[in-house]
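Tertiary structure, described
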Amino acid sequence: KGMIVSFGEMLIDFVPTESGVSLAEAPGFLKAPGGAPANVAIAVARLGGKAAFVGKLGDDEFGHMLAGILKQYGVTGEGISFDQGARTALAFVTLRADGEREFMFYRNPSADMLLRPDELNIELIKSAKVFHYGSISLIVEPCRSAHLKAMEVAKEAGALLSYDPNLREPLWPSREEAKKQILSIWDKADVIKVSDVELEFLTGSPKIDDANAMTLWRDSLKLLLVTLGEKGCRYYTKNFRGVVESFEVKAVDTTGAGDSFVGALLAKIVDDHSILEDEKRLREVLKFANACGAVTTTKKGAIPALPNESEALTLY
Ligand code: ATP
């Protein structure tokens, strides 16, 4: 099986024990390990794939706890660095009564932002058949340079590049800067997945239709995906496009659904990139990715909700 290397941040979300309260009103918090790139690596491992996480953690109890979680799920930890000075990143997250998600990040700077290019495990990155990343690692140096170098090394070694921007507006200096930097690496990727919210942010238009999605198309791409929550996903390639509907589930927490979707997609294409050129087979893969995303919404938290193959297939 081919290796999927996922690059970026891993952190702890602190989630209130009670829902529908503000951060100030929350009576207590539970630790929920996360960070989209780490979730994707674990999603792949849950489906029986080979995955590695590349990123930096604090040399503290939380950092070693997170490394232990990756190991527990069978994700290769040879790409993890530990920072001697900075702490593991934390985020306090709450779903307020009005349905808005509220984030408060502790990253000033956190260890993930301090990964340096010279710390990269080049051999591991070169072994990737798929190299996956987000955009949070682009926000500040030196992590930004490490991110760009890792992408280059992977691409040169022949990996398929997979990009899920995973917009977190509060982490960027401004909306304009976020848009500019997220789009600055657009034409390097082979596969890009955006959510409906990111489509609107990046295009400036609220229209979730083909014409708007196609403004994000580049001929350098093999596949562009727009996830639509309960409605499934839209796909675009050079030769075909369409929609694959999701499954009906009772969603309790959508955290990690997008990462579960991406992990499933990557696990299914890593050993056969030609699926991206075959609409029938690609639709099968996207149906499975939708199932994985849907199952993930039925349980609280991201990582504990990521399904194995048979759990995803129960929805069929
Ligand atoms: P995240 O919350 O992780 O950032 P996202 O916004 O990137 O997620 P979504 O569009 O919410 O991604 O979900 C990804 C996929 O999971 C969808 O394309 C769909 O297949 C599935 N999914 C998400 N929510 C639901 C739901 N309520 N019912 C059925 N399927 C769902």
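Okay, so let's go over this structure. All residue numbers refer to position in the chain's written sequence, counted from 1. Reporting in this predicted model follows two pLDDT cut-offs: at least 70 for local features of residues, and 80 or more for side-chain atom pairs to be given and counted; totals over whole chains, interfaces and linings ignore these cut-offs and use all residues. Side-chain measures here rest on the full set of heavy atoms in the structure, leaving out hydrogens and waters.

Digging into the packing of helix α8 (residues 257–269) against helix α9 (residues 279–296)
Axes here mean lines fitted to C-alpha atoms, for a helix over just the part in contact, with angles spanning 0 to 180 degrees between N-to-C directions. Strands are runs of DSSP state E lasting at least two residues, helices are runs of H or I lasting at least four, and both sets are numbered from the N terminus onward. Contact geometry for α8 and α9: axes closest at 8 Å, N-to-C directions at 150°. In terms of crossing hand, the pair formed by α8 and α9 is right-handed. Seen from α8, the contacting residues are Ala257, Ser260, Phe261, Ala264, Leu265, Lys268 and Ile269; seen from α9, they are Val285, Leu286, Phe288, Ala289, Asn290, Cys292, Gly293 and Thr296. Residues are sorted three ways: Asp, Glu, Lys and Arg are charged, Ala, Val, Leu, Ile, Met, Phe, Trp, Tyr, Cys and Pro are nonpolar, and all the rest, Gly among them, are polar. Looking at the contact of α8 with α9 residue by residue, the class counts come to ten nonpolar, four polar and one charged. Left-handed describes a crossing in which the near helix is turned anticlockwise from the far one by less than a right angle; the clockwise case is right-handed. Note on definitions: a residue-residue contact is assigned when non-hydrogen atoms from the two residues lie within 4.5 Å.

Some remarks on the pairing of strand β12 (residues 233–236)
A two-sided burial pattern is seen for β12, the buried positions comprising Cys233 and Tyr235 on one face and Arg234 and Tyr236 on the other. For two strands to be treated as a pair, DSSP must find no fewer than two bridges joining them. Taken together, the four bridges between strand β11 (residues 223–227) and β12 define a ladder with antiparallel strand orientation. Bridging across to β12, Thr227 finds its partner in Cys233. Between β11 and β12, which pair antiparallel one after the other, the connecting turn spans five residues, and Gly229 there sits at a positive phi close to 60°. Where β12 and strand β13 (residues 241–244) come together, four bridges link them in antiparallel fashion. Burial classification: accessible surface area is computed with a 1.4 Å probe over protein chains only, and a residue below 20% of its type maximum counts as buried, one above 50% as exposed, and the rest as partly exposed.

Remarks on the site of the ligand
In this text, near means that some heavy atom of the residue lies within 4 Å of the molecule or strand in question. Close contacts around the ligand come from 19 residues, with Lys193, Gly229, Gly232, Ser246 and Asn290 the closest. Nitrogen and oxygen atoms within 3.5 Å of one another constitute a polar contact, given that in protein one can donate a hydrogen and the other can accept it, and given that sequence-neighbouring residues count only through two side-chain atoms. Ala257 is positioned such that a nitrogen or oxygen atom in its backbone is 3.4 Å from an oxygen atom of the ligand. The protein chains shown are the only cover counted for residues, whose accessible areas, like all others here, come from Shrake-Rupley with a 1.4 Å probe. Burial of the ligand by the protein amounts to 88% of the accessible area it has alone, namely 620 Å². Where the shell around the ligand is concerned, the elements lending two or more residues are β10 (191–195), α8 and α9. Sorting elements by how many residues they give to the shell around the ligand places α9 first, with three residues. Across the shell around the ligand, the residue classes tally to six nonpolar, eleven polar and two charged.

So, the pattern of salt bridges
A pair is scored as a salt bridge if a Lys or Arg side-chain nitrogen falls within 4 Å of a carboxyl oxygen belonging to Asp or Glu. Enumeration according to the criterion identifies 15 salt bridges in this entry. One salt bridge connects Arg234 with Asp210, and the closest N-O pair in it is separated by 2.9 Å. Taken as a pair, Arg234 in strand β12 and Asp210 in helix α7 (residues 210–213) lie far apart in primary sequence, 24 residues in all. In this structure, Arg281 engages Asp278 in a salt bridge whose closest nitrogen and oxygen atoms are separated by 3.9 Å. Residue class for Arg281 comes out partly exposed when judged on its relative accessible area of 33%. In this structure, a network of salt bridges that share partners links the residues Lys56, Asp83, Arg116, Asp118 and Glu119.

As for the nonpolar core
Among the nonpolar cores identified, the biggest contains 54 residues, and Leu265 and Leu286 are the most heavily contacted of them. Looking at this core element by element, the count peaks at eight residues for α9. Among residues more than four places away in sequence, those in contact with Leu286 are Leu225, Cys233, Tyr235, Val244, Phe261 and Leu265. Grouping buried Ala, Val, Leu, Ile, Met, Phe, Trp, Tyr and Cys residues that are joined through side-chain atoms within 4.5 Å yields what is termed a nonpolar core. Listed in part, the 44 residues of the second largest apolar core include Leu115, Phe131, Ile192 and Trp217.

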